[in-house]
Amino acid sequence: MPRLSYAAPATIPDAIKLLSGASGLAKVLSGGTDLLVQLRSGRVKPELIVDTKKLPGIMGIREVNGGFVIGAATSGAAIGEHAGLCAAYPGVVEGTNLIGSTQVQGRASLAGNLCNASPAADSVPAMIAARATAVIVGPSGQREVPVESIVVGPGRTSLAKGEFILEFHLPKPAAHSSDAYLRFIPRTEMDIAVVGCGVNVTLDGNGVCTAARVVLGAVAPTQVVVDAAAKALIGNKLDEKTLAALDAAARAACNPISDKRGTVDFRIKIAGVLARRTAAIAFERAGAR
Amino acid sequence: MSKIHVTTTVNGEPTEYLCEAQDSLLDVLRDTLKLTGSKEGCGSGDCGACSITLDGRLVCSCLVLGVEAEGKSIGTIEGVAKGDTLHPIQQKFLEHAALQCGFCTPGLIVAAKALLDSNPNPTETEARFWLAGNLCRCTGYDKIIRAVMDAAAEMRGAAA
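Rules behind the numbers
Residues numbered from 1 in each chain as written. Chains lettered and ligands numbered in written order. Predicted model: local features only at pLDDT ≥ 70, side-chain atom pairs only at ≥ 80, totals over all residues. Helix = DSSP H or I, 4+ residues; strand = E, 2+ residues; numbered from the N terminus. Rg over C-alpha atoms; globule rule 2.2 N^0.38 Å. Contact = placed C-beta atoms within 7 Å. Buried ≥ 20, exposed ≤ 12 C-beta atoms within 10 Å, placed from the backbone. Pairing = 2+ DSSP bridges. Axes fitted to C-alpha atoms, helices over the stretch in contact; angles between N-to-C directions. Nonpolar A, V, L, I, M, F, W, Y, C, P; charged D, E, K, R; others polar. Domains from an automatic or database assignment. Core = buried A, V, L, I, M, F, W, Y, C linked by C-beta atoms within 7 Å. Expected span 1.5 Å × (residues − 1).

A.B. asks: Please give an account of the overall build of chain A that cites residues and values.
C.D. replies: Scanning chain A from terminus to terminus reveals 11 helices and 14 strands. Taken over the C-alpha trace, chain A has a radius of gyration of 19 Å; the compact-globule value for 289 residues is 19 Å, and the two agree within 12%. Along the longest, intermediate and shortest principal axes, the C-alpha atoms of chain A span 60 × 45 × 35 Å. Contacts in chain A between residues at least 24 apart in sequence constitute 64% of all its contacts with a sequence separation of at least 6.

Below, the structure written as structure tokens:
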């Protein structure tokens with residue numbers, strides 16, 4: 001077996017050259033909270049690990065024109081400590097901060113959570129609901145894509161060889177808009193989502209929804225953007241009729257599996273319940289803006 | 001066979017070591033630097049027995065590569081006491097009998113210290129959530145939480 005090599009390049013071109021030039025498997029290292037577990041178990045056997053954390057801009061959060069640029073390898077702990085981001089996108093932050101323990105938060109990153117490509121990834125539904133984009137760099141240059149275009153199946157992404165995510169962009173929040181993320185787990189902490197739900201809404205001055213994104217996790221091979229659920233919200237206040245339509249739309253969008261965490265029927269039911277509860281939190285937050 | 005040379009700081013002391021790319025920082029601490037206070041429980045970031053601080057941030061050393069410590073500052077359980085004087089958290093663990101087999105204790109003390117360094121006055125709920133990544137199969141956690149809360153109170157008194 002070839003020996004594992006490690007590189008921590010200081011420039012983006014060097015990182016791309018290393019990743020695209022590897023003859024065998026090359027893995028990108030951000031926080032390592034998934035990669036090191038996979039290395040140890042033998043599930044992945046790379047010949048090269050490229051640690052991206054020395055690259056300029058890949059760690060840290062910047063406010064730009066009222067929006068946010070989050071470095072791809074920024075830790076969950078750093079995201080949770082950023083007052084401006086917590087105020088503007090509480091749902092993105094609460095989803096991110098649900099990943100693992102305090103120790104895992106010290107390292108785990110948005111790019112890692114996304115590119116590990118688990119259907120149950122806690123940061124991803126709220127990021128998609130927030131209309132976040134990912135800036136990808138690679139041998140053919142730089143491109144910016146919606147976050148929902150990255151995961152294509154469990155453990156699989158749309159990134160080409162040599163490509164990696166440099167940063168995420170969150171747009172400037174509209175007036176009277178906010179977001180929320182909830183997941184169901186059978187305990188209070190340290191578990192993987194049975195179902196996750198991210199909701200981002202914009203209201204008018206009377207509390208009527210003018211824009212919405214509803215995204216479910218862990219109910220299909222990838223996160224699901226539920227357009228019908230957003231349609232159920234837009235043009236309405238969050239009354240019982242709207243909640244019932246939202247619930248039905250969320251359930252209809254599910255295509256889950258049965259596993260040790262939950263059955264198909266349970267996941268579908270919970271998706272509707274979580275959509276209601278998450279929307280209620282997002283509406284309350286947006287109304288308070 | 002060329003190993004990678006790493007220059008770092010461990011508990012305030014400049015330190016150098018050689019390691020392979022795949023060696024975890026926990027392996028380096030225990031096997032190369034002979035700092036065996038940090039324990040390996042699960043090796044997958046679930047149990048917290050290997051908790052250390054890396055540039056002040058609480059992490060599992062089993063989920064860090066040894067090579068990643070280049071230029072960083074590492075804090076381990078060995079750096080918590082000052083000579084023969086126990087840290088208040090260590091003292092309170094003894095007073096409250098917050099350990100039985102002791103395997104989880106170094107990680108819990110490092111994690112509790114990181115909590116109290118950033119939040120000197122946590123609620124019990126905050127302490128329990130912060131320490132949720134440190135598993136203990138003996139105590140049932142109650143005595144651990146009492147020790148941490150008591151240490152926090154004592155440290156606030158000492159700081160006042």
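A.B. asks: Please give an account of the overall build of chain B that cites residues and values.
C.D. replies: The secondary structure content of chain B amounts to five helices and five strands. Overall, chain B shows an N-to-C arrangement of helices and strands of β-β-α-β-β-β-α-α-α-α. Along the longest, intermediate and shortest principal axes, the C-alpha atoms of chain B span 50 × 35 × 25 Å. Put simply, chain B has 160 residues, and 43% of those count as buried. Counting contacts in chain B only where the partners sit at least 6 residues apart, residues at least 24 apart contribute 60% of the total.

A.B. asks: With reference to specific residues and values, describe the sheet that holds strand β3 (residues 48-51) of chain A.
C.D. replies: Sheets are built from strands paired through backbone hydrogen bonds, the pairs being either parallel or antiparallel. Residues and elements named next belong to chain A. With respect to topology, three strands assemble into an open sheet ordered β1-β3-β2, the strand pairing being parallel. Among the strands making up the open sheet, the edge pair consists of β1 (5-7) and β2 (26-29). This sheet shows a mean twist of 20 degrees between the axes of neighbouring strands, independent of strand direction. For β2 and β3, the ladder comprises four bridges, and the chain directions are parallel. When the sheet's bridge partners are listed, Val28 is paired in β3 with Val50. Along the sheet, helix α1 (residues 12-21) contacts β1, β2 and β3; its crossing angle with β3, the most-contacted strand, is approximately 160 degrees.

A.B. asks: So what about the sheet that holds strand β5 (residues 73-75) of chain B? Which residues, and what values?
C.D. replies: Residues and elements named next belong to chain B. Sheet architecture is open: five strands sit in the order β2-β1-β5-β3-β4, paired in mixed fashion. The sheet is open, and its two edges are formed by β2 (13-19) and β4 (57-60), each paired on a single side. Strand after strand, the sheet turns through a mean of 40 degrees between neighbouring axes, direction not considered. Pairing between strand β3 (residues 51-54) and β5: two bridges, direction antiparallel. Across the sheet, residue Leu54 finds its bridge partner in β5, namely Ile74. The sheet contacts of helix α3 (residues 105-118) involve β3 and β4, and relative to β3 the element is tilted by about 40 degrees.

A.B. asks: Can you lay out unusual backbone geometry for me, pointing to particular residues and giving the numbers?
C.D. replies: At Arg131 of chain A, a residue that is not glycine, the phi angle is positive and equals roughly 60 degrees. The topology assignment puts Arg131 of chain A in the loop between α8 (124-129) and β6 (133-138). Residues other than glycine seldom take positive phi values, yet Asp55 of chain B does so here, at roughly 50 degrees. Mapped onto the elements of the fold, Asp55 of chain B is located in the loop between β3 and β4.

A.B. asks: Which residues make up the pairing of strand β1 (residues 4-10) of chain B, and what values do they have?
C.D. replies: Residues and elements named next belong to chain B. Looking at chain direction, β1 and β2 are connected through seven bridges and run antiparallel. Bridged to Thr9 within β2 is Pro14. The antiparallel hairpin formed by β1 and β2 contains two residues in its connecting segment, where Asn11 sits at a positive phi of about 50 degrees. Where β1 lies against β5, two bridges are found, and the strand directions are parallel.

A.B. asks: Describe the interface of chain A and chain B, with residues and values.
C.D. replies: Chain A puts 22 residues into the contact, and the matching count from chain B is 23 residues. Going through the elements one at a time, β1, α2 (35-41), β3 and α6 (102-105) of chain A are the ones with two or more residues in the side of chain A that touches chain B. Per element, the largest residue contribution to the side of chain A that touches chain B is four residues, and it comes from α2 of chain A. Considering only residue class, the side of chain A that touches chain B consists of nine nonpolar, nine polar and four charged.

A.B. asks: An account of the domain arrangement of chain B is requested, with residue identities and associated values reported.
C.D. replies: How big an interface is tends to be stated in terms of accessible area lost as the parts join. Residues and elements named next belong to chain B. Under the domain assignment, chain B is made up of domain 1 (4-79) and domain 2 (88-159). When each unit is reduced to the centre of its C-alpha atoms, the spacing between domain 1 and domain 2 is 22 Å. The interface of domain 1 with domain 2 comprises 13 residues on the first partner and 11 residues on the second. Counting residues per element, the side of domain 1 that touches domain 2 draws most heavily on β3, at three residues. Partitioned by chemical class, the residues of the side of domain 1 that touches domain 2 number six nonpolar, six polar and one charged.

A.B. asks: Can you tell me about the nonpolar core, naming the residues and giving the values?
C.D. replies: Membership of the largest hydrophobic core comes to 137 residues, with the highest contact counts inside it found for Val195, Val214, Leu216, Val226, Ala229, Ala250 and Ala271 of chain A. With sequence-adjacent residues up to four places away left out, Leu216 of chain A is seen in contact with Pro125, Val195, Gly196, Cys197, Gln223, Val224, Val226, Ala250, Ala253, Cys254 and Ala271 of chain A.

A.B. asks: Now, about helix α11 (residues 264-287) of chain A: what can you tell me, with residues and values included?
C.D. replies: Since the α-helix packs 3.6 residues into each turn, any two residues three or four apart lie on the same face. Along its 24 residues, α11 of chain A runs 34 Å from first to last C-alpha, staying within 8% of the 34 Å computed at 1.5 Å per residue. Of all the positions in α11 of chain A, only Arg267, Ile270, Ala271, Gly272, Leu274, Ala275, Arg276, Thr278, Ala279, Ala282, Phe283 and Ala286 of chain A are classed as buried.

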